[in-house]
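Each chain, written out:
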Amino acid sequence: MLKDDVGEILITEEELQARIAELGRAISADYQGKDLLAVCVLRGAVIFLSDLIRRITIPHEMDFMAVSSYGGTRTKSTGVVRILMDLTTNIEGRNVLIVEDIVDSGLTLSYILSNLKTRRPASLRTCTLLDKQECREVDVPLDYVGFVIPDKFVIGYGLDYDEKYRNLPFIGVLKPELYIE
Ligand code: 5GP
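Described in the following lines is the structure provided in the data block. From a predicted model like this one, the values you see are computed outputs, not experimental measurements.

Reading the values: rules and limits
Residues numbered from 1 in each chain as written. Predicted model: local features only at pLDDT ≥ 70, side-chain atom pairs only at ≥ 80, totals over all residues. Heavy atoms only, no water. Salt bridge = Lys/Arg side-chain N within 4 Å of Asp/Glu carboxyl O. Helix = DSSP H or I, 4+ residues; strand = E, 2+ residues; numbered from the N terminus. Near = heavy atom within 4 Å. Polar contact = N/O pair within 3.5 Å; in protein donor to acceptor, adjacent residues only side chain to side chain. Areas by Shrake-Rupley, 256 points an atom, 1.4 Å probe, with all protein chains shown as cover. Pairing = 2+ DSSP bridges.

**Here we look at the pattern of salt bridges**
Piece 1. Scanning the entire structure with this criterion turns up 13 salt bridges.
Piece 2. As a salt-bridge pair, Lys-152 and Glu-8 come within 3.2 Å of each other at their nearest N and O atoms. With a gap of 144 residues between them, Lys-152 in the loop between strand E7 (144-148) and strand E8 (154-155) and Glu-8 in strand E1 (residues 6-11) connect regions that are remote in the sequence.
Piece 3. Through salt bridges that share partners, Arg-43, Asp-160, Glu-163 and Arg-166 make up one connected network.

**A short note on the site of the ligand**
Piece 1. What surrounds the ligand is a group of 16 residues, the closest being Ser-105, Gly-106, Thr-108, Val-154 and Asp-160.
Piece 2. One of the side-chain nitrogen or oxygen atoms of Ser-105 is found 2.5 Å away from an oxygen atom of the ligand.
Piece 3. In the complex, the protein chains occlude 87% of the 500 Å² of accessible area that the ligand would expose alone.
Piece 4. Listed by contribution, the elements that provide at least two residues to the shell around the ligand are strand E5 (95-103) and helix H3 (107-117).
Piece 5. Tallying contributions element by element places E5 first for the shell around the ligand, with four residues.

**Looking at unusual backbone geometry**
The phi angle of most residues is negative, glycine excepted, and most peptide bonds adopt the trans form.
Piece 1. Backbone torsion omega between Leu-42 and Arg-43 reads -5°, so that peptide bond is classified as cis.
Piece 2. Its place among the elements puts Arg-43 in the loop between strand E2 (36-42) and helix H2 (46-53).
Piece 3. A positive phi is found at Arg-120, a non-glycine position, where the angle reads about 55°.
Piece 4. Secondary-structure assignment places Arg-120 in the loop between H3 and strand E6 (123-131).

**Some words on the sheet that holds E8**
Piece 1. What the three strands build is an open sheet, ordered E1-E9-E8; its pairing is antiparallel. Where the open sheet ends on each side, the last strands, each with one partner, are E1 and E8.
Piece 2. As paired strands, E1 and strand E9 (residues 171-174) are joined by four bridges and run antiparallel to one another. Each residue of the ladder has a partner; that of Glu-8, found in E9, is Val-173.

Dropping the structure here:
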C-alpha cells in the first residue's frame, strides 16, 4: 500500500478540506464582479485546483500550464524553468490567479509570474496550498496561502515523488529510507 510508505502525516484530509473552503470563500469575496481566470500549474496543483474551484462561488474560468525545472535533484528545483505546456487562453486584460501546489525556493513561481506579466493581465495574483517559507531564495508575492510548512519533502494531494503518491488524500512525508535527494 502507498500509505505504508508515509512516515508522518503533516496535514490530514479534513484539515486540507477545511482550509480550502476558507480559501474559496476569500477568493469568491475578493473577485466578486470580476472576471476571474484560475491558472493551474501542472501537474502538482491539479488536485488542489479541482477542490478549490468547487469552493469558489462566483463564475470563473480555468486554464492550465505545465512547467519543469532543469537539472537539480529529485527533491530540489534549480530555478531554470521551461514551459512544457502553455495556456490556451489569451490573458490580456484578465484577472489571473495562479494556483500552485507548493512554493519552496520561489524560483518556479517567480519565473511564471514574470512570464505571465509580459502578457498584460488586468491583475495577477498567486494562491499556493503550501508555503515552505524558510526555504525562500527569491521574494515572491503570495496572496493566498493554505499552510506554511517546515522544510520537509512532502508528498500527496497532487505532490509526487518520482511521479508517485499524487493520489494520497493527505499531505505526508515519506519514510526517509524511501527517497534519495
Ligand atoms: P521552487 O521553485 O519554489 O523551489 O519549487 C517549486 C516546485 O518544486 C513545486 O512546484 C514542486 O514541483 C517542487 N517541490 C518543492 N518542494 C516540494 C516538496 O516538498 N514536495 C514535492 N513533491 N515537490 C516539491
